[in-house]
Amino acid sequence: MSDISKEELLRRVAPCSLLCYTCPGCKDGAIACLSAQLCAYYEGYYAFNDANLPAKYRGWLEEFSRFYDMLTQNAQAACPTCRQQPEDSRSCIPGCVVRACHAKKGVDFCADCEEFPCAAAKDFFAGVNPAAGEDWIPGSNRIRQIGAQAYYWERESLSHYQSYKKDDAQ
Ligand code: SF4
Ligand code: SF4
């Protein structure tokens, strides 16, 4: 795998270690781009089958139509990624401590912060989103272990919802 630019890396990996790139809400993320590509490949498919299929084979056409609508919605995901969100906008966790803090600390990732894992973020995640908090520590530990580029490539083709916590040795 070749490295991506630092700018692109910071767009794709949030300061907490979550990958914005694999999030279904991410504009230009994997799911939005692949959905757009599938929509393009399926263009005209419904109309063709609607015009040509014998009645006994047409049962799945409405299901296909719903699937296509879902793909279209996925392709229109609008979040510009965690770091690109305006401060006052809704991020993946409104009021996220990490998002507000890392720039003040002058670090790209919590993994680079000497206070990691800090009590403020631990308490925040425990209160609002324990699942994100459970990934914050092992994800950041992994960045410390192998570096942010390697971490990105390790996760870029995995589901956003596949947790690291089961692999964490700490
Ligand atoms: S808002 Fe917070 S939890 Fe969500 S991706 Fe950004 S830093 Fe991570
Ligand atoms: S103080 Fe906590 S939230 Fe802020 S950068 Fe360090 S570890 Fe992350």
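Residues numbered from 1 in each chain as written. Chains lettered and ligands numbered in written order. Predicted model: local features only at pLDDT ≥ 70, side-chain atom pairs only at ≥ 80, totals over all residues.

Asker: I'm lost on the overall build of the protein in this one. Help?
Answerer: Check the secondary structure of the protein and you find 8 helices and 0 strands. In sequence order, the secondary structure elements of the protein are arranged as α-α-α-α-α-α-α-α. Its C-alpha atoms put the protein at 65 × 35 × 30 Å along the principal axes. Counting only residues that meet the buried cut, the protein has 25% of its 170 residues in that class. For the protein, the share of sequence-separated contacts (at least 6 apart) that also reach a separation of at least 24 residues comes to 69%. (Helix = DSSP H or I, 4+ residues; strand = E, 2+ residues; numbered from the N terminus. Buried ≥ 20, exposed ≤ 12 C-beta atoms within 10 Å, placed from the backbone. Contact = placed C-beta atoms within 7 Å.)

Asker: Teacher, can you tell me more about the packing of helix α2 (residues 30-42) against helix α4 (residues 61-75) here?
Answerer: A packed helix pair is summarised by two numbers, namely the angle formed by the two axes and the spacing between the axes. At a minimum axis separation of 7 Å, α2 and α4 run at an interaxial angle of 135°. Between α2 and α4, the crossing angle belongs to the class labelled oblique. The chirality of how α2 crosses α4 is left-handed. In contact with Ile 31, Ala 32, Ser 35, Ala 36, Leu 38, Cys 39 and Tyr 42 of α2, α4 contributes Tyr 68, Leu 71, Thr 72, Asn 74 and Ala 75. (Axes fitted to C-alpha atoms, helices over the stretch in contact; angles between N-to-C directions. Parallel < 35°, antiparallel > 145°, perpendicular 65-115°, else oblique. Left-handed = near helix turned anticlockwise from the far one by under 90°.)

Asker: Got a minute to help me understand the site of ligand 1 in this structure?
Answerer: If you check the shell around ligand 1, you find 12 residues, and the closest are Ala 14, Cys 16, Cys 82, Cys 92 and Cys 96. Classifying every residue of the shell around ligand 1 gives 10 nonpolar, 1 polar and 1 charged. (Near = placed C-beta within 6 Å. Nonpolar A, V, L, I, M, F, W, Y, C, P; charged D, E, K, R; others polar.)

Asker: Please clarify how the domain arrangement of the protein should be interpreted in this entry.
Answerer: You'll often see interface size given as the accessible area lost when the parts meet. Taken domain by domain, the protein comprises domain 1 (6-18 + 85-167) and domain 2 (34-75). Domain 1 and domain 2 are separated by 37 Å when their C-alpha centres are compared. (Domains from an automatic or database assignment.)

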